[in-house]
Amino acid sequence: MGLQEKKTAKAIEDQYLGDYQKEINEVTGKELHVNINWDTFELDFMKFIPSVCLQRLTDAFKEVCADDMGKEAVQESINSVEVYCIPNEGAEAKKELKIEDGVFSLTACWGGHHSGYFSDLVIREFLENNL
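In this text, all values refer to a predicted model and were calculated from it rather than measured experimentally. (Residues numbered from 1 in each chain as written. Predicted model: local features only at pLDDT ≥ 70, side-chain atom pairs only at ≥ 80, totals over all residues. Heavy atoms only, no water.)

(A) Region of interest: the packing of aromatic side chains. Per the counting criterion, the structure on display carries 5 aromatic pairs. Each ring, one from tryptophan 38 and one from phenylalanine 41, has its centre 5.9 Å from the other, and the planes form 50°; the classification is tilted. Owing to a relative accessible area of 8%, tryptophan 38 belongs among the buried residues under this scheme. Look at phenylalanine 41 and you get buried, because its relative accessible area is 6%. (Phe/Tyr/Trp six-rings, centres within 6.5 Å; stacked < 30°, edge-to-face > 60°. Buried < 20%, exposed > 50% of the residue type's maximum accessible area, 1.4 Å probe, protein only.)

What follows is the structure, encoded as structure tokens:
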């Protein structure tokens, strides 16, 4: 990762990640660390982290955790969140949501064509079907 990518990642972490992290923790009632794997992101896609990735993730958690049953399911099954970015080409077929060993992984092309990333509804449905 070059200097420009490092500066962009730091700016996003400083300006956005803390607020989204706090909101996710409040919604889920648990400290769920969100880790963005910056080294998987192209510079042009980094700017989409707040609006395309974190906002959709937060909105999905809000829906799932709207009642105690959903909140308990998240608390029992998810300990952290990992975000990965894949190239835009072929992203629709390669994108993936996964819960394994307490880690909720979101792998998609967060800055490419809309077919290459997940909407909050798809994330919510995945969580509801896999918790």
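(B) Just the packing of helix H3 (residues 49-64) against helix H6 (residues 120-130), in detail. At a closest axis distance of 8 Å, the pairing of H3 and H6 adopts a crossing angle of 45°. Accordingly, the angle class assigned to the pair H3 and H6 is oblique. The two elements H3 and H6 cross, and the hand of that crossing is right-handed. Only Asp120, Ile123, Arg124, Leu127 and Glu128 of H6 make contact with H3, whose side of the interface consists of Arg56, Leu57, Asp59, Ala60, Phe61, Glu63 and Val64. In terms of residue class, the contact of H3 with H6 is made up of 6 nonpolar, no polar and 6 charged. (Axes fitted to C-alpha atoms, helices over the stretch in contact; angles between N-to-C directions. Helix = DSSP H or I, 4+ residues; strand = E, 2+ residues; numbered from the N terminus. Parallel < 35°, antiparallel > 145°, perpendicular 65-115°, else oblique. Left-handed = near helix turned anticlockwise from the far one by under 90°. Contact = heavy atoms within 4.5 Å. Nonpolar A, V, L, I, M, F, W, Y, C, P; charged D, E, K, R; others polar.)

(C) Highlighting the sheet that holds strand E1 (residues 33-36). Reading across the sheet, the 4 strands line up as E1-E2-E4-E3 and stay open at both edges, with mixed pairing between neighbours. What marks the edges here is a single partner per strand, and that holds for E1 and strand E3 (96-100). Strand-to-strand, the axes of this sheet are offset by a mean angle of 15°, without reference to chain direction. Two strands pair when backbone bridges link them, and E1 and strand E2 (residues 80-85) are joined in this way by 4 bridges, in the parallel orientation. Across the sheet, valine 34 pairs through a bridge with valine 81, a residue of E2. (Pairing = 2+ DSSP bridges.)

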